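Listed here are the chains, written in short residue letters.
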Amino acid sequence: MSLKSVLAVALGILSAIGGFVDIGDLVFNTQAGAVFGFQLLWVVVIGVVGIVVYSEMCGRVSAVAGRPVFDLVRERVGFGPGLATLLAAEFVNLLTCAAEIGGAAICLQLLSGLSYRLLIPLAVIGLVVCSWVLPFEWIERVFGYLGLCLLVFAVAAIKLHPSWGQVARGFIPGSHTGGGLTLYLYFVVGLLGAALTPYEVYFYSSGAVEDSWGLKELGLNKVTAMIGYGLGGFLSMALMIVAGVLFLHRGISPQFLGTPPLAVEHVLSQVGLVLALIGILFAVGGAAIETSFSGAYNLAQFFGWQWGKRERPAGASRFTLSWVAIFAVAFLVVLTGYDPVKLTEYSVIFSVVALPLTYLPILLVANDRAYMGTRVNGRLANVFGVIYLVILLAVAAGAIPLLLITHGGQG
Amino acid sequence: MSDPVDLDIGLGILDHQLVDGDGRNCGKVDDLELSSLDSDSPEVVAILVGGNAWRSRGILGRLLARLAGDAVHVPWGEVDSVTSVVRLKRPAAELRLNRGDARWASVIRRVPGS
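Residues numbered from 1 in each chain as written. Chains lettered and ligands numbered in written order. Predicted model: local features only at pLDDT ≥ 70, side-chain atom pairs only at ≥ 80, totals over all residues. Heavy atoms only, no water.

### Some details on the layout of surface pockets
Residues and elements named next belong to chain A.
And step 1. For the largest pocket, the calculated volume is near 850 Å³.
And step 2. Together, 36 residues line the largest pocket, and G12, E140, R141, D211 and W213 are the ones closest to its centre.
And step 3. Within the residue set of the lining of the largest pocket, elements represented by two or more residues are helix 1 (3–20), helix 7 (136–147), helix 11 (198–210), helix 12 (218–246) and helix 13 (259–303).
And step 4. When residues in the lining of the largest pocket are grouped by element, the largest group, 9 residues, is from helix 1. (1 Å grid on protein atoms, 1.4 Å probe; cavity = no way out; pocket = protein on both sides within 12 Å on 5 of 7 lines; lining within 4 Å. Points joined across faces, edges and corners; volume = space filled by probe spheres on them. Helix = DSSP H or I, 4+ residues; strand = E, 2+ residues; numbered from the N terminus.)

### Re the sheet that holds strand 4 (residues 43–49) of chain B
Hydrogen bonds along the backbone pair up the strands of a sheet, which may run parallel or antiparallel.
Residues and elements named next belong to chain B.
And step 1. Strand order in the open sheet formed by 3 strands is 3-4-5, and the pairing between neighbours is antiparallel. Every interior strand has two partners, whereas the edge strands, strand 3 (31–35) and strand 5 (72–75), have only one. Sheet twist, expressed as the average angle between the axes of neighbouring strands with direction ignored, equals 30°. (Pairing = 2+ DSSP bridges. Axes fitted to C-alpha atoms, helices over the stretch in contact; angles between N-to-C directions.)

### A few points about helix 3 (residues 99–108) of chain B
And step 1. Turning to helix 3 of chain B, its buried residues are G100, D101, A105 and I108 of chain B. Angular distribution of buried residues about the axis of helix 3 of chain B spans 130°; they occupy a single face of the element. Across helix 3 of chain B from its buried face, at more than 90 degrees, point the exposed residues A102 and R103 of chain B.
And step 2. Contacts made by the buried residues of helix 3 of chain B are with helix 6 (116–133) and helix 14 (317–335) of chain A. (Buried < 20%, exposed > 50% of the residue type's maximum accessible area, 1.4 Å probe, protein only. Arc of directions from axis to C-beta. Contact = heavy atoms within 4.5 Å.)

### Things to note about the nonpolar core
And step 1. Grouped together as the largest cluster of nonpolar side chains are 150 residues, with contacts concentrated most on L40, Y54, I101, F153 and Y359 of chain A.
And step 2. Looking at this core, the element that brings in the most residues is helix 13 of chain A, giving 19 residues.
And step 3. With residues up to four places along the chain from it excluded, the contact list for F153 of chain A reads A238, L239, V242, P260, P261, V264, A276 and I280 of chain A.
And step 4. The next biggest cluster of nonpolar side chains, apart from the first, holds 19 residues, and it includes L14, V49, V74 and V79 of chain B. (Core = buried A, V, L, I, M, F, W, Y, C linked by side-chain atoms within 4.5 Å.)

### Overview of the side chain of S62 of chain A
Residues and elements named next belong to chain A.
And step 1. Looking at the element boundaries, S62 is found in helix 3 (residues 41–65).
And step 2. Classification of S62 as buried rests on a relative accessible area of 1%.
And step 3. Non-local contacts of S62, meaning those with residues more than four positions away in its chain, are made with R67, P68, S205, A208, V209 and W213.

### With respect to helix 15 (residues 340–366) of chain A
All names here are of chain A.
And step 1. In this model helix 15 runs 36 Å from its N-terminal to its C-terminal C-alpha over 27 residues, within 8% of the 39 Å that 1.5 Å per residue would give.
And step 2. A bend of about 40° at A354 is the largest found in helix 15, and the proline P356 appears one to four places after it.
And step 3. Burial within helix 15 is extensive, with 20 of its 27 residues counted as buried. (Expected span 1.5 Å × (residues − 1). Bend = angle between axes of the 7 residues up to and from the residue.)

### Observations concerning unusual backbone geometry
Trans peptide bonds make up the majority, and among non-glycine residues the majority have a negative phi.
And step 1. Even without being glycine, S212 of chain A reaches a positive phi, approximately 45°.
And step 2. Relative to the helices and strands, S212 of chain A resides in the loop between helix 11 and helix 12.
And step 3. By relative accessible area, S212 of chain A is classed as exposed at 53%.
And step 4. Positive phi, normally seen in glycine, also occurs at R96 of chain B, with a value near 65°.
And step 5. Take R96 of chain B: it is sitting in the loop between strand 7 (85–88) and helix 3.
And step 6. You can call R96 of chain B partly exposed: its relative accessible area is 47%.

### Regarding the sheet that holds strand 2 (residues 25–28) of chain B
Residue and element names in this part refer to chain B.
And step 1. As summarised here, the arrangement of the 4 strands in space is 2-1-7-6, forming an open sheet in which the pairing is mixed. Of all strands in the sheet, those bounded by a partner on one side alone are strand 2 and strand 6 (79–82). Across the sheet, the axes of successive neighbouring strands diverge by a mean angle of 25°, strand direction being ignored.
And step 2. Sheet analysis places strand 1 (residues 17–19) next to strand 7, joined by 3 bridges and oriented parallel. The residue bridging L18 from the neighbouring strand is V86, located in strand 7.

### A short note on empty space enclosed by the protein
Residue and element names in this part refer to chain A.
And step 1. Scanning the entire structure with this criterion turns up 2 cavities of 30 Å³ or more.
And step 2. Lining the largest cavity we find S131, W132, G308, K309, E311, R312, P313, F319, T320 and W323.
And step 3. When contributions to the lining of the largest cavity are tallied by element, the ones reaching two or more residues are helix 6 and helix 14.
And step 4. By residue number, the principal contributor to the lining of the largest cavity is helix 14, which donates 3 residues.
And step 5. There is about 30 Å³ of room inside the second largest cavity.

### Section: the environment of W54 of chain B
And step 1. As for its position among the elements, W54 of chain B is in the loop between strand 4 and helix 2 (58–67).
And step 2. Residue W54 of chain B is classed as buried on the basis of its relative accessible area, which comes to 9%.
And step 3. Spatially, the C-alpha atom of W54 of chain B lies 33 Å from that of V111 of chain B, the residues being 57 residues apart in sequence.
And step 4. With residues near it in sequence (within four places) discarded, W54 of chain B still touches F79 and F303 of chain A together with D30, G61, R62, L64, A65 and A68 of chain B.

Here it is, written out as structure tokens:
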């Protein structure tokens, strides 16, 4: 491997780590930590392994067959069920995009002191201009690298000197204290949903086509998915540990997005606070772009339009119009003043329902020699793939009832 | 394609990507027009793209077809090859495909940096 390709892999990993956390992880990991301490860390591991397995799979399908997720959905499940999946995916993308925009506006508010209402349009304009002007790799990298500021949460988690014995026990599922069973299960579903959000695989697989991945990139795919997303998972755990140490025994419920960064300030002073806010700003800003693009990728791939950022905006005009429209509608949703934390909870729980329909076609095509030749799934990928599909079906069935029973995690 | 080929229509053609002579995406195989269904070897006469071609594709398809216009008929003779995508011989515009993109492109071109 040449120095240049090592560098390319390293940079890819860094942007995958920085891009891993989004508003869903922020909200669910800190709330779970505040209510249950470290007891739900095991769920983060299950979620992270799941996203690694399916990202690797759909990255491989993109590299070998050049086919992104919604191409496959349409080909394998047909028009009717495919359209239903598309509608569910677009609804969730839109809701998630709105939540991320709201999160970005809150960060800007905490950084600048200006009014939230004023900063919503500013955030949207900034994101649309970035998406319009910057080439694809730049969008991926700029937001991914600056999202790495979130590492201050890992530093804070260590500096808080948690009881590592208790942290270790959190990786073993079992009995729990601190809240009722339904609330515990609600957080299990939410944490899985936050780690396995469908837009991540839409974006990852279409991004692989955007970056013109071929057989040469199969190694890069494996490393990015395993190491990049794997290490990204540590950031999720750090969020839960910080919340578990600082919020659990004080009875603080992080219902406001500004609460987690304040935890960092508590440990690392003002510099830590600013870094945490910049990290969150770019993590959720990047995720807002990813969700709007995912929505446009899905539409274009379902209906067979020309798509991609490699094209000038006018060269793939319906695709361009789609992502601009998603930003516009998401902007209107945020403008209603609905709490971004609540929006996030709904978007994550609803996304769980759409997950099996997204992952099944990937699993089918990754096993189809007509598409994949000799690069079909190995036994390990299939065992994990099937186990996760079963988990997701169970979780999808429980998601909405748990949302209703727990009043959205209020207990 | 001039020579007849045997294909599993359900899995091998329907819902697959159409790519035009310039290598650009230009819709999906939304439905197929077949000849002499009662004979032993029915043949595909045309590919139907968009609009009311969705009519035969379930409840959601019927609803969507009502909102859309007429389907575009692409004669089977225009097909260059069938792999995991269906490749056509000529550019999309000559086959009346991708008109949606063409319409919106003129709007988007007015924005700087497009």
